[in-house]
Amino acid sequence: MSLFASKSTIYTTYKTLGLLYLFFIVGLFLDSYFMVAITKNAQFYANALMLFVFVITFFKVTKRLKEQMLGAVLIGFFGEYLFSVFLGMYTYRLANVPLYIPFGHAFVYIAVLCFSKAAAIKKQHIKLEKTFAIFIFIYAAAFLVFKNDIFGFVMTIATLFILRNKPKERLFYLTMYISVAVLEIIGTTYKCWWWPSTAWNVIPFLPSHNPPSGISLFYFLLDLGTLWLYKQRHLNTWKRMKNIRNIRLKLINKTD
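Attention in this report is confined to the structure presented alongside it. Fair warning: this is a prediction, and the values are worked out from it, not measured in the lab.

## Re the pairing of strand 4 (residues 203-207)
Inspection of the sheet shows strand 3 (residues 198-199) paired to strand 4 by two bridges, in the antiparallel sense. The residue of strand 4 that forms the bridge with Ala 199 is Ile 203. Hairpin connection from strand 3 to strand 4: three residues lie between these consecutive antiparallel strands, with Trp 200 at a positive phi of about 55 degrees.

## Focus: helix 7 (residues 125-147)
A rise of 1.5 Å per residue sets the reference length of helix 7, with its 23 residues, at 33 Å; its end C-alpha atoms lie 31 Å apart and thus fit the reference within 8%. Buried within helix 7 we find Leu 128, Glu 129, Phe 132, Ile 136, Tyr 139, Ala 140 and Phe 143. Its buried side turned inward, helix 7 meets helix 5 (100-117), helix 6 (119-122), helix 8 (150-163) and helix 9 (170-189).

## Digging into unusual backbone geometry
The omega torsion across Asn 210 and Pro 211 is 10 degrees, close enough to zero to call that bond cis. Structurally, Pro 211 can be placed in the loop between strand 4 and helix 10 (216-233). At Asn 201, a position not held by glycine, the phi torsion is positive, near 65 degrees. Here Asn 201 shows up in the loop between strand 3 and strand 4. The exposure class of Asn 201 is exposed, given its relative accessible area of 53%.

## Considerations on the pattern of salt bridges
In the structure shown here, the tally under the stated rule is two salt bridges. For the salt bridge of Arg 170 with Glu 129, the shortest nitrogen-to-oxygen distance reads 3.5 Å. Here the residue Arg 170 occupies a position in helix 9, and Glu 129 occupies one in helix 7, the gap between them amounting to 41 residues. On the accessibility criterion, Glu 129 (8% relative accessible area) is buried.

## Concerning the nonpolar core
Within the largest apolar cluster, 71 residues are counted, with the highest numbers of intra-cluster contacts made by Leu 20, Leu 28, Met 50, Phe 54, Tyr 100 and Trp 193. Counting residues per element, this core draws most heavily on helix 5, at 13 residues. Other than its neighbours up to four places away in sequence, Leu 28 contacts Phe 23, Tyr 100, Leu 183, Ile 186, Gly 187, Tyr 190, Cys 192 and Trp 193.

## Some details on the packing of helix 7 against helix 8
With their axes 8 Å apart at the nearest point, helix 7 and helix 8 run at an angle of 160 degrees to one another. Considering their axes alone, helix 7 and helix 8 lie roughly antiparallel with respect to each other. Both helix 7 and helix 8 take part in a crossing whose hand is left-handed. Taken together, the residues of helix 8 that come into contact with helix 7 (itself represented by Ala 133, Ile 136, Phe 137, Ala 140, Ala 141 and Leu 144) are Ile 150, Phe 153, Thr 156, Ile 157 and Leu 160. Grouping the amino acids of the contact of helix 7 with helix 8 by side-chain chemistry returns ten nonpolar, one polar and no charged.

## Regarding a nonpolar patch on the surface
A cluster of nonpolar residues, Tyr 14, Leu 19, Leu 22, Ile 25 and Val 26, forms a patch on the protein surface that exposes about 450 Å² of accessible area. Structurally, Val 26 is set in helix 1 (residues 9-29).

## Section: the packing of aromatic side chains
On inspection of all chains with the given rule, the structure shows 23 aromatic pairs. Ring plane angle 90 degrees and centroid distance 5.5 Å describe the contact between Phe 58 and Phe 59, whose orientation is recorded as edge-to-face. A residue is classified by how much of its surface remains accessible, and Phe 58, at 15% relative accessible area, is buried. Classification of Phe 59 by relative accessible area gives exposed; the value is 62%. An aromatic cluster is defined as three or more aromatic residues linked by ring pairs; in this entry it consists of Phe 54, Phe 58, Phe 59, Phe 77 and Phe 103. Of note, Lys 66 hangs over the ring of Phe 58, and the distance from its end group to the ring centre comes to 5.5 Å. The ring of Tyr 33 carries the charged tip of Lys 191 above its face, separated from the ring centre by 4.8 Å.

## A closer look at helix 9
Taking 1.5 Å per residue, 20 residues should reach 28 Å; helix 9 reaches 29 Å between its end C-alpha atoms and fits that length. Buried residues dominate helix 9, accounting for 16 of its 20 residues. Once helix 9 finishes, Lys 191 follows within two positions and takes phi at roughly 65 degrees, a positive value.

Cut-offs and rules
- Residues take numbers from 1 onward in each chain, read along the sequence in its written order.
- With pLDDT at 70 or above as the cut-off, local features in this predicted model cover only qualifying residues; side-chain atom pairs require 80 or more to be listed or tallied, and sums for whole chains, interfaces and linings still use all residues.
- Excluded from the side-chain calculation are hydrogens and water; included are all heavy atoms of the structure.
- The pairing criterion for strands is at least two bridges between them, as found by DSSP.
- Numbering of helices and strands runs from the N terminus; a helix is a DSSP stretch of H or I covering at least four residues, while a strand is a stretch of E covering at least two.
- A helix is expected to span 1.5 Å for every residue after the first.
- Think of it in three bands: with a 1.4 Å probe and only protein chains considered, a residue is buried below 20% of the maximum accessible area for its type, exposed above 50%, and partly exposed in between.
- In what follows, residue pairs with any heavy atoms lying within 4.5 Å of each other are defined as contacts.
- In what follows, salt bridge is the name for a side-chain nitrogen of Lys or Arg lying within 4 Å of a carboxyl oxygen of Asp or Glu.
- Within this scheme, the nonpolar core is defined by two criteria: the residues are buried Ala, Val, Leu, Ile, Met, Phe, Trp, Tyr or Cys, and they are joined through side-chain atoms within 4.5 Å.
- Here an angle of 0 to 180 degrees is reported between the N-to-C directions of two axes, which are lines fitted to C-alpha atoms, with helices fitted over the stretch in contact.
- Orientation is classified from the angle alone, with under 35 degrees giving roughly parallel, over 145 giving roughly antiparallel, 65 to 115 giving roughly perpendicular, and any other angle giving oblique.
- Should the near helix be turned anticlockwise from the far one by less than a right angle, the crossing is termed left-handed; should it be turned clockwise, right-handed.
- Three classes are used, and their members are as follows: Ala, Val, Leu, Ile, Met, Phe, Trp, Tyr, Cys and Pro are nonpolar, Asp, Glu, Lys and Arg are charged, and the others, Gly among them, are polar.
- Patches here: salt-bridge-free residues with over 30% relative accessible area, like charges joined within 9 Å, nonpolar side chains (Val, Leu, Ile, Met, Phe, Trp, Tyr) joined within 5 Å.
- Using the Shrake-Rupley algorithm and a 1.4 Å probe, accessible areas are obtained, with residue cover drawn only from the displayed protein chains.
- Stacked, tilted and edge-to-face are the three classes assigned to paired rings of Phe, Tyr and Trp, where Trp is represented by its six-membered ring and a pair needs centres within 6.5 Å; plane angles under 30 degrees give stacked, over 60 edge-to-face, the rest tilted.
- For a Lys NZ or an Arg CZ to count as sitting over a ring, it must be within 6 Å of the ring centre and within 35 degrees of the ring normal.

Below, the structure written as C-alpha cells:
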C-alpha cells in the first residue's frame, strides 16, 4: 500500500510518526546513561543504528526526498556545530556532536513531511491543526506553570503566531513541534544531552526547563534551509510550478 495514497489515518500515522517515535525510544537508548553503565561504546552503537536506518530510508524514498534528506544532513551538521559546540546553547553527553544527530534531523524531517503530505492526513488537516495547536498550547502552558519554562513558552507562542499566516505549512510545522517535543523529552530523560537553566545560558530573565518546550522553533530553520537548498537546485522547475499555481488561483478567483 502506498503511503501517500493510503486512505487509512491509522496506517499512515503508524508508518510515519509511529515508527519515528519508536526509533527515538530505541535509538537514543543506545546512547543513554543506561548503556553507558554497560559499555563505553554506547554512542558508537547509536551512530551505527542511525546510519543503518538512514540508508534504508534513503533508498526507499523518491529522488526529490533523497535530495531533501541530504540537504537536511548538511544543514544539520552546520547547525549542530554552530549552536552546540561554538555557541554552547546545549550540550551532548560527550561534549561533541554525535553522528546520529545530523542524520537524525533528516530522518525526522522526512517522517513528518510524509505524514503531513499523505492523502489520509490532508483530508483531516483542519481538524488535526486545531487539535495539535490546542495540545501544543496546553503542553507549553504546563511546562510554564510546573517547570517555570518561560523560555519554552515564549518560543511556543512565537511559533503559533508565525503559523497563523502559514496555512500551507501549518500542519507540517505543528507536527514537527510535537515530534521534536517527543524527541527532546526522550533524549534529555536518557541524558543524551541537556539544556541550561536559562535561555542558552546567556539570558538570565528567561528561565528554561530541560528541555524547553518550544525548542522546535529552531528546527524550523533546518526545515526552511532544506527547502531552500532544494529550490536552488531546481530553480526553473520551482518558478514554473509557482506560475502554474498563480494561474490556477486567478482562474478560481474569476469563477468566484
